[in-house]
Amino acid sequence: MDLIRIILAIFLPPVAVFLKVGLALHFWINLLLTILGFVPGVIHAIWVLVKK
């Protein structure tokens, strides 16, 4: 399941973070990072998935 989430994090970072943590602070941070720049959102999403 983690591999699917990491692949999802590459294409839709906020969705992958949402599936991992729900509507927590990390979701909103990731949404903001994805809006400001796609690559920071991907990096943050992968970090959240690996960290928790």
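Residues numbered from 1 in each chain as written. Predicted model: local features only at pLDDT ≥ 70, side-chain atom pairs only at ≥ 80, totals over all residues. Heavy atoms only, no water.

Undergrad: Got a minute to help me understand the side chain of threonine 34 in this structure?
TA: Within the fold, threonine 34 resides in helix 3 (residues 25-36). You can call threonine 34 buried: its relative accessible area is 18%. With residues near it in sequence (within four places) discarded, threonine 34 still touches Pro13, Pro14 and Gly41. (Helix = DSSP H or I, 4+ residues; strand = E, 2+ residues; numbered from the N terminus. Buried < 20%, exposed > 50% of the residue type's maximum accessible area, 1.4 Å probe, protein only. Contact = heavy atoms within 4.5 Å.)

Undergrad: It is not clear to me how the packing of helix 2 (residues 13-21) against helix 4 (residues 38-51) should be interpreted in this structure. Could you clarify?
TA: To describe two helices that pack against each other, one gives the angle between their axes and the distance between the axes. With their axes 9 Å apart at the nearest point, helix 2 and helix 4 run at an angle of 20° to one another. One element, helix 2, and the other, helix 4, form an angle in the roughly parallel class. In this structure, helix 2 crosses over helix 4, and the sense of that crossing is left-handed. Where helix 2 approaches helix 4, its residues Pro13, Ala16, Val17, Lys20 and Val21 are matched on the opposing element by Phe38, Gly41, Val42, Ala45, Val48 and Leu49. (Axes fitted to C-alpha atoms, helices over the stretch in contact; angles between N-to-C directions. Parallel < 35°, antiparallel > 145°, perpendicular 65-115°, else oblique. Left-handed = near helix turned anticlockwise from the far one by under 90°.)

Undergrad: Teacher, can you tell me more about the environment of phenylalanine 27 here?
TA: Take phenylalanine 27: it is sitting in helix 3. Note on phenylalanine 27: relative accessible area 12%, which makes it buried. For the pair phenylalanine 27 and isoleucine 10, spaced 17 residues apart in the sequence, the C-alpha separation amounts to 15 Å. In this structure phenylalanine 27 touches Pro14, Val17, Phe18, Val21 and Gly22, once residues within four positions along its chain are discounted.

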